[in-house]
Amino acid sequence: MKKIYLWGIVAVIGLALLTMSYTCAEDEGDDPSTESTTDNTSSDRSGDNKTNDQTNNKPDNQNTDNQTTDNNKPDNQNTDNQTTDNNKPDNQTTDNNKPDNQNTDNQNTENNTNSSDFTAEEIAKANTAANIASLSQMEKDIILYCNLARLDGTKFWAKYGDQAKGSASYVSSLESDLKAVKDLKMLIPEKSLMEAAAYHANDMYRNNFFDHTSSDGTSFSKRVYSYYGGNAIAENISAGMSTALGVVMQLLVDDGVSTLGHRKNILGAKYSAIGIKTGQHKQWRTVTVQDFGDKVITKME
């Protein structure tokens, strides 16, 4: 009887231990799985939604969440749709829907759409980065798409509007805004803005963050003005997008950004110069920086 009782106790203890072991293993298995899923989902979602932009009017103090500042010299970052004007200056991707009539020396992009709405002359005018060997094809294409939107918003919407993803109200407002855009100045690749954009993209990659403020705390405006001597400046940053058209449409739709700062930067009438860098990112896979300025000081060749 004692033996039966003892075996019963052993069986109960053994069952309890097995249950604890299974629970712990399940928790340990769930944590990495959840992190991996969360990371991947975040990465995908960041490709659709994670964007920031900046503009300033001679920034000194930090302004966050769609604010603007007027000062005498830029100091601190303005985050999320801010603008800077200094008497010395005003966001990136790759894609395969390039206009068929594009006339460039370096075309590595698929032409998936009929481009009868844009003439060869219009495409050539918009393709201001076509012959700059130091830029990647994706970077050239981002500039091309931005310029096509600035050249003729109605044609741009007719050709690429089906690529606009986001809330219906934002997509609808983009259509309205684009149809009011015609013959804005073409964005010309500018050397010092290119250097500012490259520095920030590399900084975000090395230090694994996504923000307008540099890893050492330097504000967007102070960073850009340290390279660029123009008056008005702006910056857009995009993460997770793998195509040029994806980047541009993400920034133009500006889904969830009430001020539409990214859209306003790309379609800003006062901007005529651009710097761009698309690179890798440890968390979001890709990151793009666009820096805008109101004049070309040193044209990229």
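In what follows, the structure referred to is the one given above.
All of the points below concern the structure found in this document. Everything quoted here is computed from the prediction, not taken from an experiment.

Remarks on the packing of helix H4 (residues 153-160) against helix H5 (residues 168-178)
Packed helices, taken two at a time, are described by the angle between their axes plus the distance between the axes.
Here is step 1 of the chain: At a closest axis distance of 7 Å, the pairing of H4 and H5 adopts a crossing angle of 140°. Considering their axes alone, H4 and H5 lie oblique with respect to each other. Contacts between H4 and H5 involve Gly-153, Thr-154, Phe-156 and Trp-157 from the first element and Val-171, Leu-174, Glu-175 and Leu-178 from the second.
Here is step 2 of the chain: Among the residues making up the contact of H4 with H5, the classes are represented as five nonpolar, two polar and one charged.

Description of the packing of aromatic side chains
Here is step 1 of the chain: A full pass over the atoms with the stated rule returns four aromatic pairs.
Here is step 2 of the chain: Measuring from ring centre to ring centre gives 5.3 Å for Tyr-145 and Tyr-160, while their planes differ by 85°; the resulting arrangement is edge-to-face. Taken together, the residues Tyr-145 in helix H3 (residues 137-151) and Tyr-160 in helix H4 connect sequence positions 15 residues apart. Taken as a pair, Tyr-145 and Tyr-160 share a single burial class, namely buried.
Here is step 3 of the chain: Residues Tyr-271 and Phe-292 carry aromatic rings whose centres are separated by 5.9 Å and whose planes lie at 40° to one another, so their mutual orientation is tilted. With a gap of 21 residues between them, Tyr-271 in the loop between helix H9 (261-266) and strand E7 (273-281) and Phe-292 in strand E8 (residues 285-293) connect regions that are remote in the sequence.
Here is step 4 of the chain: Accessibility expressed as a relative area gives 2% for Tyr-271, which makes it buried.
Here is step 5 of the chain: Accessibility expressed as a relative area gives 0% for Phe-292, which makes it buried.
Here is step 6 of the chain: An aromatic cluster is built from Tyr-145, Phe-156 and Tyr-160, whose rings are joined through pairwise contacts.
Here is step 7 of the chain: Against the face of Tyr-205 rests Lys-282, its NZ or CZ located 5.4 Å from the ring centre.

Re the environment of Tyr-205
Here is step 1 of the chain: Mapped onto the elements, Tyr-205 comes out in helix H6 (residues 191-207).
Here is step 2 of the chain: Classification of Tyr-205 as partly exposed rests on a relative accessible area of 33%.
Here is step 3 of the chain: Sequence separation between Tyr-205 and His-281 is 76 residues, and the spatial gap between their C-alpha atoms is 4.7 Å.
Here is step 4 of the chain: Excluding its chain neighbours within four sequence positions, the residues that come into contact with Tyr-205 are Gln-280, His-281 and Lys-282.

Details of the environment of Ala-149
Here is step 1 of the chain: Along the polypeptide, Ala-149 turns up in helix H3.
Here is step 2 of the chain: Residue class for Ala-149 comes out buried when judged on its relative accessible area of 0%.
Here is step 3 of the chain: On a C-alpha basis, the gap between Ala-149 and Leu-178 in space is 7.1 Å, while along the polypeptide they are 29 residues apart.
Here is step 4 of the chain: If near-sequence neighbours (up to four positions away) are discounted, Ala-149 is found in contact with Phe-156, Leu-178, Val-181 and Leu-267.

So, the packing of H5 against helix H8 (residues 244-253)
Here is step 1 of the chain: It is the contact of H5 with H8, at a shortest axis distance of 9 Å, that shows an interaxial angle of 100°. By the criterion of interaxial angle, the relationship of H5 to H8 is roughly perpendicular. Between H5 and H8, the residues in contact are Tyr-170, Val-171 and Leu-174 and Met-249, Leu-252 and Val-253, respectively.
Here is step 2 of the chain: For the contact of H5 with H8, the per-class residue count stands at six nonpolar, no polar and no charged.

What counts as what
Residues numbered from 1 in each chain as written. Predicted model: local features only at pLDDT ≥ 70, side-chain atom pairs only at ≥ 80, totals over all residues. Heavy atoms only, no water. Axes fitted to C-alpha atoms, helices over the stretch in contact; angles between N-to-C directions. Helix = DSSP H or I, 4+ residues; strand = E, 2+ residues; numbered from the N terminus. Parallel < 35°, antiparallel > 145°, perpendicular 65-115°, else oblique. Contact = heavy atoms within 4.5 Å. Nonpolar A, V, L, I, M, F, W, Y, C, P; charged D, E, K, R; others polar. Phe/Tyr/Trp six-rings, centres within 6.5 Å; stacked < 30°, edge-to-face > 60°. Buried < 20%, exposed > 50% of the residue type's maximum accessible area, 1.4 Å probe, protein only. Lys NZ or Arg CZ within 6 Å of the ring centre and 35° of its normal.

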